[in-house]
Amino acid sequence: MNSLNSASTLETHLETQTVIYPTLRYLVRFLPWDSKRVFDYLREESKHNPFIIENSDFQSSEVLLDDILPNWYSPTAQELSLSEHLFGQISALSIPSKQREALTYLTQWLSNSGYLEETPQTWANGSIWSPKELEAVVPLLQSLDPPGIGTRSLQECLLLQLKDQPESLAFILVKNYLEDISNCIGNSLESKHNCQVLLQKLHQNHQNIDIDIEKITDAIHEIQELEPRPARNFGGSDAPIVTPDLKVELIAESWQISLAYEVKQRFCLNSEAIKLLQESPKARRDSQQLEVLLQQARSLLTALQQWQENLIKVGKFLVERQQAFLQSRDKLDLVSTPQQLVAQSVGLSNSTVSRIVRGRYILVCDQNSRIIPLHSLCVPVGVGGRTPQQIQQMLLQLIAEESPANPYTDEQLAQLLKIRFCLPITRRTVTKYRKIAGIKSSHYRKLIDK
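Numbers given to residues run from 1 along each chain, matching the order in which its sequence is written. Local features in a predicted model are, by the rule used here, given only for residues with pLDDT of at least 70; side-chain atom pairs are given and counted only at 80 or more, and totals for whole chains, interfaces and linings are based on all residues. Calculation of side-chain values draws on the structure's entire complement of heavy atoms; hydrogens and water are dropped beforehand.

1. Remarks on the overall build of the protein
Then, number 1: Helix and strand assignments come from DSSP, with helices taken as H or I runs of at least 4 residues and strands as E runs of at least 2, each series counted from the N terminus. When its secondary structure is counted, the protein shows 22 helices and 6 strands.
Then, number 2: A buried classification covers 38% of the 450 residues belonging to the protein.
Then, number 3: The accessible surface values rely on the Shrake-Rupley method and a 1.4 Å probe; as for residues, cover is taken only from the protein chains in view. Here the protein has roughly 26,100 Å² of accessible surface; of this, 51% comes from carbon and sulfur atoms. Each residue gets one of three labels from its accessible area relative to the maximum for its type: buried under 20%, exposed over 50%, partly exposed in between, using a 1.4 Å probe on protein chains only.

2. A short note on the layout of surface pockets
Then, number 1: Here a cavity denotes a set of grid points, spaced 1 Å apart and computed over the protein atoms alone, in which a 1.4 Å probe fits but from which it cannot get out, and a pocket denotes an open set meeting protein on both sides within 12 Å along at least five of seven lines; residues with an atom within 4 Å of a point are reported as lining. Grid points are joined across faces, edges and corners, and a volume is the space filled by probe spheres set on the points. Considered as a void within the structure, the second largest pocket measures approximately 670 Å³ in volume.
Then, number 2: Residue lining of the second largest pocket: 25 residues in total, with S153, Q155, K435, G438 and K440 positioned closest to the centre.
Then, number 3: Counting residues per element, the lining of the second largest pocket draws most heavily on helix α21 (residues 427-436), at 4 residues.
Then, number 4: Under the scheme applied, nonpolar residues are Ala, Val, Leu, Ile, Met, Phe, Trp, Tyr, Cys and Pro; charged residues are Asp, Glu, Lys and Arg; polar residues are all the others, including Gly. Of the residues belonging to the lining of the second largest pocket, the class tally is 8 nonpolar, 6 polar and 11 charged.

3. Some remarks on the packing of helix α17 (residues 339-346) against helix α18 (residues 350-357)
Then, number 1: Helix axes are fitted to C-alpha atoms over the stretch in contact, other axes to C-alpha atoms as well, and angles between N-to-C directions run from 0 to 180 degrees. At a minimum axis separation of 9 Å, α17 and α18 run at an interaxial angle of 110 degrees. If you check the angle between α17 and α18, you find them roughly perpendicular. Our pair here, α17 against α18, has a crossing hand that is right-handed. Contacts from Q339, Q340, V342 and A343 in α17 reach N350, V353, S354 and V357 in α18.
Then, number 2: Looking at side-chain class alone, the contact of α17 with α18 contains 4 nonpolar, 4 polar and no charged residues. In this scheme, roughly parallel covers angles under 35 degrees and roughly antiparallel covers those over 145, while 65 to 115 is roughly perpendicular and the rest are oblique. For any pair of crossing helices, the crossing counts as left-handed if the nearer helix is rotated counterclockwise from the farther one by less than a right angle, and right-handed if it is rotated clockwise. What makes two residues a contact is simply this: any of their non-hydrogen atoms within 4.5 Å.

4. Let's talk about the sheet that holds strand β5 (residues 361-365)
Then, number 1: Two strands are counted as paired when DSSP detects at least two bridges linking them. Across the sheet, which stays open at both edges, the 4 strands sit in the order β3-β2-β5-β6 with mixed pairing between neighbours. Single-partner strands in this sheet number two, and they are β3 (254-259) and β6 (370-373). Sheet twist, expressed as the mean angle between neighbouring strand axes with direction ignored, is 30 degrees.
Then, number 2: Summarising the sheet, strand β2 (residues 246-251) and β5 pair through 4 bridges and their orientation is parallel. From the neighbouring strand, L246 faces β5, where its bridge partner is I362.

5. As for the packing of aromatic side chains
Then, number 1: Ring pairs shown here join Phe, Tyr and Trp side chains whose ring centres sit within 6.5 Å, with only the six-membered ring taken for Trp; geometry is labelled stacked below 30 degrees between planes, edge-to-face above 60, and tilted in between. Going through the model one piece at a time under the given rule, you end up with 5 aromatic pairs.
Then, number 2: Aromatic pair W33 and Y41: ring centres 5.5 Å apart, planes at 65 degrees, arrangement edge-to-face.
Then, number 3: One aromatic cluster is present, formed by F30, W33, Y41 and W307 through successive ring pairs.
Then, number 4: Here R25 stacks its cationic end above the ring of Y26, 5.5 Å away from the centre of that ring. Counted as over-ring charges are cases with an Arg CZ or a Lys NZ within 6 Å of the ring centre that also lie within 35 degrees of the ring normal.

6. Side note on the pairing of β2
Then, number 1: As defined by bridge partners, β2 adjoins β3 across 6 bridges and the pair is classed as antiparallel. In the sheet register, V248 faces β3, and the bridge partner there is I257.
Then, number 2: In sequence, β2 turns back onto β3 through a hairpin of 2 residues, with A252 there showing a positive phi of about 55 degrees.

7. Some remarks on the packing of helix α20 (residues 410-421) against α21
Then, number 1: It is the contact of α20 with α21, at a shortest axis distance of 8 Å, that shows an interaxial angle of 100 degrees. The angle between α20 and α21 falls in the class roughly perpendicular. On the side of α20, the interface is formed by D410, E411, L413, A414 and L417, while α21 contributes R427, V430, T431 and R434.
Then, number 2: Of the residues contributing to the contact of α20 with α21, the split by class is 4 nonpolar, 1 polar and 4 charged.

8. Some points on the nonpolar core
Among soluble globular proteins, nonpolar side chains are generally buried collectively.
Then, number 1: Formed by 51 residues in total, the largest nonpolar core has its most connected members in F30, L42, W307, V314 and L318.
Then, number 2: Tallying contributions element by element places helix α15 (residues 285-321) first for this core, with 12 residues.
Then, number 3: Excluding residues that lie within four positions of it along the chain, W307 makes contacts with L27, F30, L31, W33, D34, S35, V38, D245, V263 and R360. Among buried residues, those of type Ala, Val, Leu, Ile, Met, Phe, Trp, Tyr and Cys that are joined through side-chain atoms within 4.5 Å constitute a nonpolar core.

9. Side note on the confidence of the model for the protein
Then, number 1: Summing up the model confidence of the protein, the mean pLDDT is 80 and the portion of residues at 70 or higher is 85%.
Then, number 2: A residue's pLDDT is the confidence the predictor assigns to it, expressed on a 0 to 100 scale. The weakest mean pLDDT in the protein belongs to helix α3 (residues 65-68) at 34; the strongest belongs to helix α8 (residues 138-142) at 93.
Then, number 3: Low pLDDT, under 50, characterises residues 1-19; the predicted model gives this stretch 3 contacts beyond four residues in sequence or across chains.
Then, number 4: Every residue in residues 58-78 scores below 50 in pLDDT, and together they form 24 contacts with partners more than four places removed in sequence or on other chains.

10. Side note on the pattern of salt bridges
Then, number 1: Criterion for a salt bridge: a side-chain nitrogen of Lys or Arg within 4 Å of a carboxyl oxygen of Asp or Glu. Under the definition given, this model contains 12 salt bridges.
Then, number 2: Between E54 and R43 there is a salt bridge; the shortest N-O distance is 3.0 Å. Here the residue E54 occupies a position in strand β1 (residues 52-54), and R43 occupies one in helix α2 (residues 35-48), the gap between them amounting to 11 residues.
Then, number 3: Residue classification places R43 among the partly exposed residues on the basis of a relative accessible area of 28%.
Then, number 4: Of the charged contacts in the structure, one is a salt bridge between R420 and E401, with a shortest N-O distance of 2.6 Å. Of the two residues, R420 is situated in helix α20 and E401 in helix α19 (residues 388-401); the sequence distance between them amounts to 19 residues.
Then, number 5: Taking relative accessible area as the criterion, R420 reaches 42% and is therefore assigned partly exposed.
Then, number 6: Each of R43, E54 and R266 takes part in salt bridges that share partners, so that together they form one network.

11. Things to note about unusual backbone geometry
Then, number 1: A cis amide bond links D145 with the next residue in sequence, P146, at an omega value of 5 degrees.
Then, number 2: Within the element layout of this structure, P146 appears in the loop between α8 and α9 (154-161).
Then, number 3: Phi is positive for E253, close to 65 degrees, though the residue is something other than glycine.
Then, number 4: Here E253 lies in the loop between β2 and β3.
Then, number 5: Residue class for E253 comes out exposed when judged on its relative accessible area of 78%.

Next up, the structure:
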């Protein structure tokens, strides 16, 4: 009797595994996709599986992208885009595949001028990469053509183009006197005076170099021939078409979330095909093949249902946390909401939440409707539960109140943050956020005042 029970349990276990595994496989496939891609996949599957049909009774108020742009529509760039130019070089690099993928991902943070925008932490938000992993491939990006690509500032861009002549006067001027040389351009008396002042500085700080006004002028001309915006000579890439999966509306003074387009309602099981299968002889070989297709159809539609439920789960939690931000549109109103917190709160794994928020968008329906990335609502925790933006704003507020003749040091700023905002923070952390906010050191701020 025990052996029969064991056999029955094993048989039940195996049957459960057969049913669940395809559903999970479909669900993992759907997680990073937007609604249009899922819809296209279901429509293609319905052509080969007689048990999946489009629901002709479904009436949607949403306009499909296909109603506006046919599938063959793809606006082409007039000339080679920067992305195409870079991807061709990246594919030829002899580097590990993981580094190649990180490098390819990093290119999306390039501005129209070719500079890397935002911070490594921002690059990493909503991605599978850590800030350190992305920062590690920045030198690889900067090694690509055009020269100066992937730099963070004008100075870094020009220095990268002069890296082969580090002892030249042009390199020295860009590295140490970039602001001074900008005042020397032109034929006015003031420009000539500024050039003399620069010459005196060079004589004082670089006594081993033979320098005169003519050499400074030649070096400035050499700098002017460099490219300050490395990406401007490339054509634009195809404009990405964003398809929001979620939408929020202000109802009774509260933001409510829903699916922007419910793919599940567009497809259903074909009841007539199921009835014919049930009435057919079980011994027929084609009947067994149809049973497999029916099981695939059920797994696919179950995964589709779970996919939409997971989207709503994550979106609802984030919208409830960020009600103030959705109302004000002020980033300072964002509440710290790391992905780990989202995962714990909605009962999903960190990897699942990461796949859901990455590359997905929300349509905010108000007077000035806008589309925002879902990952922008997943704000990392800073210090004391404050977001990085809030800490930077506090620093800007304190520095705006300081005495120009005696600006606050980072140690003093840390003490003021503890006293005024009850924010426990170290001097080192203050330095970190001060640099992120683009605030110069107290020594530099004092020199500027003079």
